[in-house]
Amino acid sequence: MIRLQGISKKFGDKAVLEDIHATFLPGKVNMVIGASGSGKSVLMKTMVGLVKPDAGQLFYQNLELGEMDVDQRNELRQKIGMLFQSAALFDSLTVLDNLLFPLRMFRPAPKAEMQERVAYCLERVGLAGTENLFPSELSGGMKKRVGIARAIVLEPQFLFCDEPNSGLDPKTSIRIDHLIQDITNEFQITTIVNTHDMNSVLECGDHIVFLYKGRKTWEGDRRLILNSDNEPLNELVYASRFLQQFREKAS
Ligand SMILES: Nc1ncnc2c1ncn2[C@@H]1O[C@H](COP(=O)(O)OP(=O)(O)OP(=O)(O)O)[C@@H](O)[C@H]1O
Ligand SMILES: [Mg+2]
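Residues numbered from 1 in each chain as written. Chains lettered and ligands numbered in written order. Predicted model: local features only at pLDDT ≥ 70, side-chain atom pairs only at ≥ 80, totals over all residues. Heavy atoms only, no water.

Trainee: Would you take a moment to explain the pairing of strand S6 (residues 80–83) for this structure?
Mentor: One face of the sheet, then the other: side chains in a regular strand alternate in exactly this way. Neither face of S6 is exposed, since Ile80 and Met82 on one face and Gly81 and Leu83 on the opposite face are all buried. In this sheet, strand S7 (residues 158–162) lies alongside S6 in parallel orientation, the contact comprising four bridges. Within S7, the position partnered with methionine 82 by the bridge is phenylalanine 160. (Buried < 20%, exposed > 50% of the residue type's maximum accessible area, 1.4 Å probe, protein only. Helix = DSSP H or I, 4+ residues; strand = E, 2+ residues; numbered from the N terminus. Pairing = 2+ DSSP bridges.)

Encoded structure:
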C-alpha cells in the first residue's frame, strides 16, 4: 500500500502539485489521469523518490519515505519497478543485458539462474527468445514490453508505469494493459499507471485519481467515470466530438 498525505510541489513559483491525498492498494491497477501538464509524471517521480516534495508525507506500508534511513531506502528501491515514459532502455546493451542490469545490481546470483529469470520475464511479456537483440532492433511496442520485463525482473511489490501505451496502436495498447493487469493481480502488486488513454482507463482502471492543474479533483472507479459531474474530467473523458454526441444522446 502507498499513501500520500498532503503532497505539494512547486518549481520556482509554479505550483505543480497541491495538497494531494490518495491511497493506492495492492492487487489493483491504480490510475492517475489528467491532461498533459497536470502533474502526473511529477507525482510519479515524487512517489519513487526522484523528486522531493515541498510538503506532505508519502508512506510505503507504514514507513514514511522522507524518514527512511539509507538501508530502508535501498530495501525499498529493490521493491520498486518502473517503466519510464520513454521505456528508457540502455541502447548499447542487448535485451538480455538490459534485464540483467537490475539483477546484477541488487540480486546477483549464478549467471544461469539470472538468465532463467530473464527468460521467464521475457516470456511473460510475449518476447521469448529476444535476448540477443538490441533496442534499435525492436518496435515501439516491443521496447515497452522489454521495459515492463525489466521492471518486473526483481519481483516488485510496487510497479510504476508512466504512459505505458503512448505511441502504440490500439491493439498493442490493450495487450500492454492486460499484461499490466495480469501481473498486478497475480503477484498482488501495488501498480500505479499514468495515462490519458481513455481506452486503458475503461479497460483496467480499478481506482482512478484525476489530476487537474496539480490538484486531485475526482477519484473513483471506471464505472463511475462516465457519469461524473466534474467538468474538466468530462472534457478529458469525452474529448472527441463523437463521444460528446454519444453522451448527449444517452442523456
Ligand atoms: N523539473 C522541472 N522543472 C520545472 N518545471 C517542471 C519540471 N518537471 C515538470 N515541470 C512542470 O510541471 C508541470 C507538470 O508536468 P508533468 O510532466 O508532471 O505533466 P504530465 O501530467 O505528466 O503531462 P504529460 O501528460 O504531457 O506527460 C508542467 O507544467 C511542467 O512544465
Ligand atoms: Mg507525463
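Trainee: Would you mind going over the pattern of salt bridges with me for this structure?
Mentor: Two side chains of opposite charge can pair, provided their charged atoms sit close to one another. Applying the stated criterion to the full structure yields eight salt bridges. Between lysine 216 and glutamate 219 there is a salt bridge, with its nearest N and O atoms 2.5 Å apart. For arginine 223, the salt bridge goes to aspartate 221, with nearest N and O atoms at 2.5 Å. Look at arginine 223 and you get exposed, because its relative accessible area is 66%. Residue class for aspartate 221 comes out buried when judged on its relative accessible area of 17%. (Salt bridge = Lys/Arg side-chain N within 4 Å of Asp/Glu carboxyl O.)

Trainee: Looking at this model, I keep getting lost on the nonpolar core. Mind explaining?
Mentor: Proteins that are soluble and globular tend to have nonpolar side chains buried together. In terms of nonpolar packing, the biggest core is built from 45 residues, with Met31, Ile33, Leu99, Ile148 and Ile225 touching the most fellow members. Ranked by size, the runner-up nonpolar core spans 26 residues in total, among them Val32, Leu43, Leu76 and Met82. (Core = buried A, V, L, I, M, F, W, Y, C linked by side-chain atoms within 4.5 Å.)

Trainee: Is there a simple way to explain the site of ligand 1 in this structure?
Mentor: Lining the immediate surroundings of ligand 1 are 14 residues, of which Ser36, Gly37, Lys40, Ser41 and Val42 lie closest. At 2.5 Å, a side-chain N or O of serine 36 approaches an oxygen atom of ligand 1. One nitrogen or oxygen atom from the side chain of histidine 196 is found 3.3 Å from an oxygen atom belonging to ligand 1. Mapped by element, the contributors of at least two residues to the shell around ligand 1 are strand S2 (14–24) and helix H1 (40–47). Split by residue class, the shell around ligand 1 holds four nonpolar, seven polar and three charged. (Near = heavy atom within 4 Å. Polar contact = N/O pair within 3.5 Å; in protein donor to acceptor, adjacent residues only side chain to side chain. Nonpolar A, V, L, I, M, F, W, Y, C, P; charged D, E, K, R; others polar.)

Trainee: Would you mind going over the sheet that holds strand S4 (residues 55–60) with me for this structure?
Mentor: Spatially, S2-S1-S4-S5 is the arrangement adopted by the four strands of the open sheet, whose pairing is antiparallel. Strands at the two margins of the open sheet, each flanked by one partner only, are S2 and strand S5 (63–64). For strand S1 (residues 2–11) and S2, the ladder comprises seven bridges, and the chain directions are antiparallel. Within S2, the residue paired with lysine 9 across the bridge is leucine 17. Sheet strands touched by H1: S1, S2 and S4. Its angle to S1, the strand with the most contacts, is close to 120 degrees. (Contact = heavy atoms within 4.5 Å. Axes fitted to C-alpha atoms, helices over the stretch in contact; angles between N-to-C directions.)

Trainee: What is the right way to read helix H3 (residues 95–106) from this model?
Mentor: In an α-helix, one full turn covers 3.6 residues, which means residues spaced three or four apart are oriented alike. Turning to H3, its buried residues number three or more, namely Val95, Leu96, Asn98, Leu99, Leu100, Pro102 and Leu103. Looking at the buried residues of H3, the elements they touch are helix H4 (111–124) and helix H5 (140–152).

Trainee: I'm lost on the side chain of aspartate 177 in this one. Help?
Mentor: Mapped onto the secondary structure, aspartate 177 falls in helix H6 (residues 170–187). Leave out the neighbours within four places in its chain, and aspartate 177 touches Asn165, Ser200, Glu203 and Cys204.

Trainee: I would appreciate a short explanation of the environment of glutamine 157 in the present structure.
Mentor: With respect to the helices and strands, glutamine 157 occurs in the loop between H5 and S7. A relative accessible area of 35% means that glutamine 157 is categorised as partly exposed. Linking glutamine 157 and proline 102, residues 55 residues apart in sequence, is a C-alpha distance of 15 Å. In this structure glutamine 157 touches Gln61, Lys79, Ile189 and Thr190, once residues within four positions along its chain are discounted.

Trainee: I would appreciate a short explanation of the side chain of threonine 184 in the present structure.
Mentor: Note that threonine 184 resides in helix H6. A polar contact of 2.6 Å, which involves the side chain of threonine 184, links it to the backbone oxygen of isoleucine 180. Among residues more than four places away in sequence, those in contact with threonine 184 are Gly27, Lys28, Val29, Ile189 and Thr191.

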